[in-house]
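Coordinate analysis (summary)
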Amino acid sequence: MRVRIIRQPHHGVNGVSLNYYRLGRTYEVTPTLANYLVANGWAIVEMRADEQPHWPKELDRRKPQFK
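Okay, so let's go over this structure. What you see is a predicted model, and the numbers here were worked out from it, not measured in a lab.

Strand order in the open sheet formed by three strands is S2-S1-S3, with antiparallel pairing between adjacent strands. Looking at the sheet topology across the chains shown, the edges are occupied by strand S2 (26–28) and strand S3 (43–45). Across the sheet, the mean angle separating the axes of adjacent strands is 30° when strand polarity is ignored. As paired elements, strand S1 (residues 2–5) and S2 share three bridges and run antiparallel to each other.

Next comes the structure, spelled out in structure tokens:
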């Protein structure tokens, strides 16, 4: 999973330091570590363009953009 660090982690997990991860950077990590970082408020999940949900046009409820 890909996560973006939004707060600097200040301690480790099971004796492993998280000081490597820097504020504002994006990292590819295991799903377990990603869930831990997100649950502690240190990261958010970063979705790639090909992973973002695609809605059928008939279900899109956004207001049309006028040009």
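Once the structure has been displayed, the description carries forward.
Along the chain, the position of Leu 23 falls in the loop between S1 and S2. Taking the relative accessible area as the measure of exposure, Leu 23 reaches 54% and is therefore exposed. Along the primary structure Leu 23 and Ile 5 are separated by 18 residues, whereas in three dimensions their C-alpha atoms are 5.1 Å apart. Here Leu 23 is in contact with Ile 5, Ile 6, Arg 7 and Gln 8, once residues within four sequence places are set aside.

The next subject is helix H1 (residues 31–39). Among the residues of H1, Leu 33, Ala 34 and Leu 37 are the ones counted as buried. The buried residues of H1 occupy an angular sector of 100° when projected down its axis, which confines them to one face. Within H1, the exposed residues directed more than 90 degrees away from the buried face are Thr 32 and Ala 39. Following H1 by one or two positions, Gly 41 adopts a phi angle in the positive range, close to 80°.

Turning our eyes to something else, we now look at the pattern of salt bridges. Under the counting rule described, the total for this entry stands at two salt bridges. The residue Arg 2 makes a salt bridge to Glu 28 at a minimum N-O spacing of 3.6 Å. Within this pair, whereas Arg 2 is found in strand S1, its partner Glu 28 is found in strand S2, the two being separated by 26 residues in sequence. Here Glu 46 and Arg 4 are joined by a salt bridge, their closest N and O atoms 3.2 Å apart. Of this pair, Glu 46 sits in the segment after S3 while Arg 4 sits in strand S1, placing them 42 residues apart in sequence.

Turning our eyes to something else, we now look at the packing of aromatic side chains. Under the counting rule described, the total for this entry stands at four aromatic pairs. For the ring pair Tyr 20 and Tyr 21, a centre distance of 5.2 Å and an interplane angle of 85° mean the geometry is edge-to-face. Overall, the relative accessible area of 59% leaves Tyr 20 in the exposed class. What links up through ring pairs into an aromatic cluster is the set Tyr 20, Tyr 21 and Tyr 27.

How each quantity is defined
- Residues numbered from 1 in each chain as written.
- Predicted model: local features only at pLDDT ≥ 70, side-chain atom pairs only at ≥ 80, totals over all residues.
- Heavy atoms only, no water.
- Pairing = 2+ DSSP bridges.
- Helix = DSSP H or I, 4+ residues; strand = E, 2+ residues; numbered from the N terminus.
- Axes fitted to C-alpha atoms, helices over the stretch in contact; angles between N-to-C directions.
- Buried < 20%, exposed > 50% of the residue type's maximum accessible area, 1.4 Å probe, protein only.
- Contact = heavy atoms within 4.5 Å.
- Arc of directions from axis to C-beta.
- Salt bridge = Lys/Arg side-chain N within 4 Å of Asp/Glu carboxyl O.
- Phe/Tyr/Trp six-rings, centres within 6.5 Å; stacked < 30°, edge-to-face > 60°.

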